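Analysis of the macromolecular model
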Amino acid sequence: MNPINSYTSWQPLEEVIVGRAYSPDYFDFIENAQVRNQLQQILLETEEDLANLQRTIEKFGARVRRPDLPDRDRFVQSQVTGRGAPLPPLTPRDWQITLGDKLLRVLAMQELDSTCNEYTQSGGTVINPHGPTGWDENCILNGASASCIVRVGRDVFFDNSDFLKPEQTRWIVDNVLGPEYRIHEAVTDGHGDAVFAILKPGVLLSSKHDVNLDLARDFPGWDVCKIWDSSIWAAMEVGKFKYEQSPGAWYVQGQTPTPEFTEFVNTYLTKWTGFVAETVFDVNCLVLDESHVIFSAYNREVFDYCRRHGIEPIISELRHSYFWDGGISCCTQDIRRRGGLETYL
């Protein structure tokens, strides 16, 4: 059996990578107790939620793999020297993507080396344009994001933005995909997973950020549910988030960040955060099969839409998605789904 096989986001899931945050002890070195405690609580709760996501996926029969963590002592030393904390291996969807029977490592994170090596040893094809060192300053895919690619069987949609340039798309088409594929442009400004998601043929979630897409043209006859308001606004109404604290960039559920913690995040953890006020996590989901989809929060409009199409929505909460700017889809990367190459459009 080929360990790598996925042509869509909705065929029955058999194997997936779920990301991982640093464990709290990686930041024991922080002297300020308020900063240390708040950060360690976020890390602890993030792993609790990811472990629950793993259990939820496994209940449906899929195998879950997790990234490694970097050596703790070397990590701590790099922080002591003031270089800032690199992003943990939390969002594998940003770094790599399965395209048919090939796994493309758009960004070769070392924390996934052992897992990818296992796939190669089992007969799978893993394409790493960065080479054995994991980083090549001249690699054509530098700066690209795998989340800018959407698979619809024979049809593959590529973003055209600063996160995936036309020359990078051409390289992927020439070196990974074959002539059996049809290539489309879908401008999502680097936020593909927060702009539209296909739950199954004919059923598509979209968001207010789809202004540069022509979904009626690309998906004729499909039922599109467009989400105008993210669930973050409902969360703010019940007091889960405080907008005046670092407004728009990141939020922490369940605690009020101190000024010291805010300064620490904005100084040393800039690679961790984004600008969550623009992200619609209700679109950022993981399809287990055509009847089950995992979301990180309740959205009545989305859940009613799913049930009208025979889909049971499942909640696996990510309490700190608004800190990491990463949802369910970002934190997962499918490796194998049951089924082959088909035409849907």
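Residues numbered from 1 in each chain as written. Predicted model: local features only at pLDDT ≥ 70, side-chain atom pairs only at ≥ 80, totals over all residues. Heavy atoms only, no water.

**A closer look at the sheet that holds strand β5 (residues 125–127)**
The test is simple: When DSSP finds two or more bridges between a pair of strands, those strands are recorded as paired. Helix and strand assignments follow DSSP, with helices taken as H or I runs no shorter than four residues and strands as E runs no shorter than two, numbered in order from the N terminus. Axes here refer to lines fitted to C-alpha atoms; in helices the fit is confined to the stretch in contact. Angles between the N-to-C directions go from 0 to 180 degrees. When checking whether two residues touch, look at their non-hydrogen atoms; a contact exists if any pair is within 4.5 Å.
Spatial ordering of the open sheet is given by β3-β4-β5, a layout of three strands whose pairing is mixed. In this open sheet, the two strands that pair with only one neighbour each are β3 (96–99) and β5. Going across the sheet, the axis of each strand differs from the next one's by a mean of 20 degrees, ignoring polarity. With four bridges joining them, β3 and strand β4 (residues 102–105) adopt antiparallel strand pairing. The residue bridging T98 from the neighbouring strand is L103, located in β4. Set on the sheet, helix α4 (residues 113–121) makes contact with β3, β4 and β5; between it and β4 the angle comes to about 150 degrees.

**Topic: the packing of aromatic side chains**
Basically, it comes down to this: Working definition: a ring pair exists when centres of Phe, Tyr or Trp rings (six-membered ring for Trp) sit within 6.5 Å. Plane angles under 30 degrees give stacked, over 60 give edge-to-face, the rest tilted.
As enumerated under the stated definition, the model contains 21 aromatic pairs in all. Among the aromatic residues, ring-to-ring pairing joins Y22, Y26, F27, F29, F75, W250, F261, W272, F323 and W324 into one connected group.

**Things to note about the pattern of salt bridges**
What counts, and what does not: Just to be clear on terms, a salt bridge is a Lys or Arg side-chain nitrogen sitting within 4 Å of an Asp or Glu carboxyl oxygen.
Enumeration over the complete set of coordinates arrives at 23 salt bridges. With a shortest N-O distance of 3.0 Å, R336 and E14 are connected by a salt bridge. Of the two residues, R336 sits in strand β15 (residues 332–337) while E14 sits in strand β1 (residues 13–18), which places them 322 residues apart along the sequence. Notably, a salt bridge pairs E15 with R336, separated by 3.0 Å at the nearest N-O pair.

**Here's the deal with the sheet that holds strand β10 (residues 203–207)**
Taken in spatial order, the three strands of this open sheet run β9-β10-β11, and their pairing is mixed. At either margin of the open sheet sits one strand with a lone partner, and together these are β9 (196–200) and β11 (223–227). For this sheet, the mean inter-axis angle between neighbouring strands, taken without regard to orientation, is 20 degrees. Looking at chain direction, β9 and β10 are connected through four bridges and run antiparallel. Across the sheet, F196 pairs through a bridge with S206, a residue of β10. Contacts from helix α9 (residues 300–308) reach β9, β10 and β11, with the element oriented near 170 degrees to β11.

**Some details on the nonpolar core**
What tends to happen in soluble globular proteins is that the nonpolar side chains get buried as a cluster. As a reminder, the rule being used: The definition of a nonpolar core used throughout is a set of buried Ala, Val, Leu, Ile, Met, Phe, Trp, Tyr and Cys residues joined through side-chain atoms within 4.5 Å. Exposure categories follow from relative accessible area, calculated using a 1.4 Å probe and restricted to protein chains: below 20% of the type maximum is buried, above 50% is exposed, and the middle band is partly exposed.
In terms of nonpolar packing, the biggest core is built from 38 residues, with F27, L39, I57, F261, W272 and F323 touching the most fellow members. Mapped by element, the contributors of at least two residues to this core are β1, α1 (33–59), α2 (72–80), α8 (259–268), β12 (286–289) and α10 (321–324). The greatest single-element share of this core, amounting to seven residues, is contributed by α1. Contacts of F27, omitting those with residues within four sequence positions, involve Y22, R36, L39, Q40, L43, F75, A85 and W272. The next biggest cluster of nonpolar side chains, apart from the first, holds 31 residues, and it includes V150, V195, F196 and L213.

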